[in-house]
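# Architecture at a glance
If you want the building blocks of each chain, they are given just below.
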Amino acid sequence: GKEGTVVSVFSQPPHELSSYALACSSLTELTVLAADVYRNKIKVNGLAAVGSPVDESQFWKIAETVLFLAENPAVSGQILKIDVGGSSGKKTSLF
């Protein structure tokens, strides 16, 4: 089995040319690379949030998704996108 689990939580990169967009994109790539490099030792997944959570139910949505990524032994090297602020206009959440 794996020795550990990492779940990175970050903002989905905005569609713009900025240092913020570059940093978000870098976290996505780093998460996928780490999952590949450490695939025999640890699971590494990411959660890319769209929008900003404004109430408790949205924070619970993030927590439930992190638990899904952390506890599911078949999921590694994945980036899940979750809409917590309703900013994308479409549902991308598992919950």
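Below is a summary of the structure that appears in this document. These figures come from a predicted structure and were not determined experimentally.

Relative to the 27 Å expected for 19 residues at 1.5 Å per residue, helix α1 (residues 19–37) spans 26 Å between its end C-alpha atoms, a close match to the ideal helical length. Of all the positions in α1, only A21, C24, T28, T31, A34 and A35 are classed as buried. End-on view of α1: buried residues confined to an arc of 165°, all on one side of the axis. Along α1, exposed side chains directed more than 90 degrees from the buried face belong to S19, L22, E29, L30 and V37. For α1, the secondary structure elements touched by its buried residues are β1 (4–11), β2 (42–50) and β3 (79–83).

A few words now on the environment of N45. Position of N45 relative to the elements: it lies in strand β2. Residue classification places N45 among the buried positions, given a relative accessible area of 0%. As a C-alpha pair, N45 and T28 span 17 residues in sequence and 9.3 Å in three-dimensional space. Every residue in contact with N45, bar those within four places of it in the chain, is listed here: V6, V7, S8, T31, L69, V75, S76, G77 and Q78. At a separation of 3.2 Å, a polar atom in the side chain of N45 contacts the main-chain amide nitrogen of G77.

Relative to the helices and strands, D36 is located in helix α1. Take D36: its relative accessible area is 44%, and that puts it in the partly exposed class. Separated by 41 residues in the primary sequence, D36 and G77 place their C-alpha atoms 6.9 Å from one another.

When β1 meets β2, the two strands line up parallel, connected through eight bridges. Bridge pairing links G4 to I42 in β2. In this region the chain leaves β1, passes through α1 and returns to the parallel neighbour β2; the handedness of that crossover is right-handed.

It is worth spelling out the pairing of β2 at this point. In terms of residue burial, β2 counts as a mostly covered element, since eight of its nine residues are buried. Bridge analysis of β2 against β3 gives five bridges, and the strand direction is parallel. By the bridge assignment for β3, V50 is matched with D83. As a crossover connection, the stretch from β2 through helix α2 (residues 56–71) into β3 is left-handed.

Estimated volume of the largest pocket: approximately 150 Å³. If you go around the largest pocket, the residues you meet are S11, Q12, P13, P14, H15, Y20, A49, V50 and G51. Of the residues contributing to the lining of the largest pocket, the split by class is five nonpolar, four polar and no charged.

Definitions and limits used
Residues numbered from 1 in each chain as written. Predicted model: local features only at pLDDT ≥ 70, side-chain atom pairs only at ≥ 80, totals over all residues. Heavy atoms only, no water. Helix = DSSP H or I, 4+ residues; strand = E, 2+ residues; numbered from the N terminus. Expected span 1.5 Å × (residues − 1). Buried < 20%, exposed > 50% of the residue type's maximum accessible area, 1.4 Å probe, protein only. Arc of directions from axis to C-beta. Contact = heavy atoms within 4.5 Å. Polar contact = N/O pair within 3.5 Å; in protein donor to acceptor, adjacent residues only side chain to side chain. Pairing = 2+ DSSP bridges. Right-handed = clockwise from strand over helix to strand, strands pointing away. 1 Å grid on protein atoms, 1.4 Å probe; cavity = no way out; pocket = protein on both sides within 12 Å on 5 of 7 lines; lining within 4 Å. Points joined across faces, edges and corners; volume = space filled by probe spheres on them. Nonpolar A, V, L, I, M, F, W, Y, C, P; charged D, E, K, R; others polar.

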